[in-house]
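Spelled out, the chains give:
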Amino acid sequence: MSVYSMTGYASAQHNPAKEGAEGDGKSSANSRLGIEIRAVNSRFLDLSFRLPEELRACEPALREKLNARLKRGKVELRASIESTTTNVVAEPSTRLLQRLNAIQDHVKAWLPSAQPLSVAEVIRLAGDESQPGKDWQAETLQLADEVLDALMAARKREGARLATMLFDRIKQLRALAAQAEPLIPQLVTQQRQRFLDRWAQAMELTDGQAKSEMAQDRALTEATAFAIRIDVAEELTRLASHLDELERLVKKGGDIGKRLDFLIQELHREANTLGSKSAALELTHISVDMKVLIEQMREQVQNIE
């Protein structure tokens, strides 16, 4: 399966000429249906719809389609119906003019102060008369499928880019861990020798066997405690394990965003522990570099479905 980003955009318009060629409704030939879908990242699937009144009945079917294809993200679907004959003035029929005149006389009889109809209002009413209502559901759902396919393709392309970035950061983190691993025995050896030197100096200053043994015990205790404190082998092992799992999930693809987010938190925890146990400047630098890479990964993982 592929890795999908939660961000994407797609839009499409219904071809009025094709519909008009079928001779299945004058109004559809003079109207253009448009749908666009915008998606951004979110912890859960959050759907919203902005539909004209003519398409309000299509919302349940549109919601079902989106739920079937999307797992996470804040998704907004917008639809519109626009007239393609805005420059053509509709000519009112004699019957319409008679009806409007009769209605106007009736209204003014009860409301003498009512404003008379203007020419622009009569023309608008004539346009409404020439374009009777139409059931747009079939066209809307078909166009929604096209837009949804385009959105998924866009999310897939973005997901591929994110996967490439994650593989690159995983590789860099492995390299940093490889640099840190040989530093630990060196630091333990150096510190052990430092403690032994201090013990030898302490023995020279003592004038009794009891004090000599006391100094030796203390030096050995400090050396052991230091070796335990700076030993980050366990952290490096866990970090390698998390990187293996993260790489496996990215290769697997699918609905992996939440699990990736959890693994990033674990990686950050191990890098923090590595820095807190640092006994050398080189190890501190490695920890900082790891945190920078992990933070870059965290920002991108937030966009993965």
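This one's a predicted model, so the numbers in the text were calculated from it and none came from an experiment. (Residues numbered from 1 in each chain as written. Predicted model: local features only at pLDDT ≥ 70, side-chain atom pairs only at ≥ 80, totals over all residues. Heavy atoms only, no water.)

Caption draft 1: How the structure looks around the overall build of the protein. Regarding its fold elements, the protein presents 11 helices and 4 strands. In the protein, buried positions account for 35% of the 305 residues. For the protein, the computed accessible surface area is about 18000 Å², with 52% contributed by carbon and sulfur atoms. (Helix = DSSP H or I, 4+ residues; strand = E, 2+ residues; numbered from the N terminus. Buried < 20%, exposed > 50% of the residue type's maximum accessible area, 1.4 Å probe, protein only. Areas by Shrake-Rupley, 256 points an atom, 1.4 Å probe, with all protein chains shown as cover.)

Caption draft 2: How the structure looks around the nonpolar core. Grouped together as the largest cluster of nonpolar side chains are 34 residues, with contacts concentrated most on L166, L173, L246, L260, L267, M290 and M297. Sorting elements by how many residues they give to this core places helix α6 (residues 137–180) first, with 9 residues. Excluding anything up to four places from it in sequence, M297 contacts M165, L166, R169, I170, L173, L246, I264 and L267. (Core = buried A, V, L, I, M, F, W, Y, C linked by side-chain atoms within 4.5 Å. Contact = heavy atoms within 4.5 Å.)

Caption draft 3: Just the packing of α6 against helix α9 (residues 233–252), in detail. Where α6 meets α9, the axes come as close as 10 Å, and the angle between the chain directions of the two elements is 165 degrees. Taken together, the axis directions place α6 and α9 in an arrangement best described as roughly antiparallel. The handedness of the crossing between α6 and α9 is left-handed. Of the residues in α9, those touching α6 at A163, L166, F167, I170, L173, R174, A177 and A180 are L236, L239, A240, L243, D244, L246, E247, V250 and K251. Residue composition of the contact of α6 with α9, grouped by class: 13 nonpolar, no polar and 4 charged. (Axes fitted to C-alpha atoms, helices over the stretch in contact; angles between N-to-C directions. Parallel < 35°, antiparallel > 145°, perpendicular 65-115°, else oblique. Left-handed = near helix turned anticlockwise from the far one by under 90°. Nonpolar A, V, L, I, M, F, W, Y, C, P; charged D, E, K, R; others polar.)

Caption draft 4: A look at the environment of E146. For E146, the position within the fold is in helix α6. Residues E146 and S11, 135 residues apart in the sequence, show an inter-C-alpha distance of 8.6 Å.

Caption draft 5: Molecular detail of the side chain of T140. Among the secondary structure elements, T140 is positioned in helix α6. Apart from residues no more than four positions distant in its own chain, T140 is found in contact with L33, I35, L55, C58 and L62.

Caption draft 6: Focus on the side chain of R72. Topologically, R72 is positioned in the loop between α3 (59–69) and β4 (73–83). Of the side chains with opposite charge, D255 lies nearest to the buried R72, which makes no salt bridge, at 5.4 Å. There is a polar contact of 3.4 Å between the side chain of R72 and the backbone oxygen of S42. A polar side-chain atom of R72 sits 3.1 Å from the main-chain carbonyl oxygen of R43. Setting aside its immediate chain neighbours within four residues, R72 contacts M6, S42, R43, F44, L45, R155, D255, G257, K258, I304 and E305. (Lys, Arg positive; Asp, Glu negative; His and termini not counted. Salt bridge = Lys/Arg side-chain N within 4 Å of Asp/Glu carboxyl O. Polar contact = N/O pair within 3.5 Å; in protein donor to acceptor, adjacent residues only side chain to side chain.)

Caption draft 7: Representation of a nonpolar patch on the surface. Judged by side-chain polarity, I103, V107, W110 and L111 come together as a nonpolar surface patch covering roughly 450 Å² of accessible area. Turning to its location among the elements, I103 is positioned in helix α4 (residues 94–110). (Patch = residues over 30% accessible without salt bridge, like charges linked within 9 Å, V, L, I, M, F, W, Y side chains within 5 Å.)

Caption draft 8: Quick peek at the packing of α9 against helix α10 (residues 257–276). It is the contact of α9 with α10, at a shortest axis distance of 10 Å, that shows an interaxial angle of 160 degrees. Considering their axes alone, α9 and α10 lie roughly antiparallel with respect to each other. Our pair here, α9 against α10, has a crossing hand that is left-handed. Here α9 contributes E235, L236, R238, L239, H242, L243, E245, L246, L249, V250 and K252 to the contact with α10, which in turn contributes R259, L260, L263, I264, E266, L267, E270, T273 and L274. Residues of the contact of α9 with α10, tallied by class, amount to 11 nonpolar, 2 polar and 7 charged.

Caption draft 9: Fine view of the pattern of salt bridges. This model, assessed by the stated rule, comprises 20 salt bridges. Residue R32 pairs with E82 through a salt bridge whose shortest N-O separation is 3.1 Å. Residue R32 is located in strand β2 (residues 31–40), and its partner E82 is located in strand β4; the two are separated by 50 residues in the primary sequence. Residue E76 is joined to R50 by a salt bridge in which the shortest nitrogen-to-oxygen separation is 3.3 Å. On the criterion of sequence distance, the pair formed by E76 in strand β4 and R50 in strand β3 (residues 45–50) is long-range, its members being 26 residues apart. R50 gets classed as partly exposed once you look at its relative accessible area, which sits at 47%. Salt bridges linked by common partners bring R174, D244, E247 and K251 together as one network.

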